[in-house]
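Working through the structure, step by step
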Amino acid sequence: EDKVVQSPLSLVVHEGDTVTLNCSYEVTNFRSLLWYKQEKKAPTFLFMLTSSGIEKKSGRLSSILDKKELFSILNITATQTGDSAIYLCAVANSGYALNFGKGTSLLVTP
Amino acid sequence: DAGVIQSPRHEVTEMGQEVTLRCKPISGHDYLFWYRQTMMRGLELLIYFNNNVPIDDSGMPEDRFSAKMPNASFSTLKIQPSEPRDSAVYFCASSLRVQGSSFGSGTRLTVV
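Note that the structure is predicted; figures quoted are calculated from it, not measured.

Contact with chain A, which involves 16 residues of that partner, is made by 19 residues of chain B. In this assembly, chain A and chain B are joined by 0 salt bridges. Summed over the shared surface of chain A and chain B, the result is 3 residue pairs in polar contact (both at pLDDT 80 or more). Those elements that place two or more of their residues in the side of chain A that touches chain B are β4 (32-38), β5 (43-49) and β10 (98-100) of chain A. Across the side of chain A that touches chain B, the residue classes break down as 11 nonpolar, 2 polar and 3 charged.

Here it is in structure tokens:
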């Protein structure tokens, strides 16, 4: 059975800190790994990763995939209170359906 | 682009009643997904369609749940009869092949 495990479950940091969120997976016929940010409503897409070792970057957020060790990390540098959210990792198998982890709840305090 | 549109935003119904959730995907997207989110189980895929055809409904909890996609711009998820344990936020999402899915704002369903 496909499995996506995120850690930590929750995290509280001060503004300006750097955080690393982890996602490990077991999936047959891996296609891609995606990161989403969920605030009060719907998840919003951050990154899609398909190849090992290639960093995806958007502003203060970056992510990388290790297909050998079956994990991905999401880094957020110089955190701001607006980064407070649940960060979801999802893996797509040979189809396009996504299997989501339980998420990491991040709280950034002023 | 209006994004994925779901209705209603909130639904409160009594146990045993039929509930119909609606979704309009982003125009041109060929995949449509229905998810359910609860605190206990997180986001779970219920069913997904490709070009209006159901591809995988293995996540549908039981026969009380059914989904249809009569055309490329509309899908419904129906629960009949509803039960309190069906209370959750139901999301519809659409995507164009390998791109990340775009989610609707969700329908918060409460069955009392």
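All names here are of chain A. Sheet architecture is open: 5 strands sit in the order β1-β3-β8-β7-β6, paired in antiparallel fashion. Single-partner strands in this sheet number two, and they are β1 (3-7) and β6 (56-58). For this sheet, the mean angle separating the axes of adjacent strands, direction not counted, is 15°. As defined by bridge partners, strand β7 (residues 61-66) adjoins strand β8 (residues 71-76) across 6 bridges and the pair is classed as antiparallel.

Attention shifts here to the pairing of β4 of chain A. Residue and element names in this part refer to chain A. Among the 7 residues of β4, 7 are classified as buried, and the element is accordingly described as predominantly covered. Going residue by residue along β4, you find Ser32, Leu34, Tyr36 and Gln38 tucked away on one face and Leu33, Trp35 and Lys37 tucked away on the opposite face as well. Bridge count between β4 and strand β9 (residues 85-92): 7 bridges; the pairing is antiparallel. When the bridges of β9 are listed, Leu33 appears paired with Val91. Across 6 bridges, β4 lies against β5 in antiparallel orientation. What sits directly across from Tyr36, in β5, is Phe45. In sequence, β4 turns back onto β5 through a hairpin of 4 residues.

All names here are of chain B. Judged by pairing direction, the sheet is antiparallel, and its 4 strands sit side by side in the order β1-β3-β8-β7 without closing on themselves. For this open sheet the edge positions go to β1 (5-7) and β7 (65-71), each flanked by a neighbour on one side alone. With direction set aside, neighbouring strand axes in the sheet form an average angle of 15°. As paired strands, β1 and strand β3 (residues 19-24) are joined by 3 bridges and run antiparallel to one another. The residue of β3 that forms the bridge with Ile5 is Lys24.

Rules behind the numbers
Residues numbered from 1 in each chain as written. Chains lettered and ligands numbered in written order. Predicted model: local features only at pLDDT ≥ 70, side-chain atom pairs only at ≥ 80, totals over all residues. Heavy atoms only, no water. Contact = heavy atoms within 4.5 Å. Salt bridge = Lys/Arg side-chain N within 4 Å of Asp/Glu carboxyl O. Polar contact = N/O pair within 3.5 Å; in protein donor to acceptor, adjacent residues only side chain to side chain. Helix = DSSP H or I, 4+ residues; strand = E, 2+ residues; numbered from the N terminus. Nonpolar A, V, L, I, M, F, W, Y, C, P; charged D, E, K, R; others polar. Pairing = 2+ DSSP bridges. Axes fitted to C-alpha atoms, helices over the stretch in contact; angles between N-to-C directions. Buried < 20%, exposed > 50% of the residue type's maximum accessible area, 1.4 Å probe, protein only.

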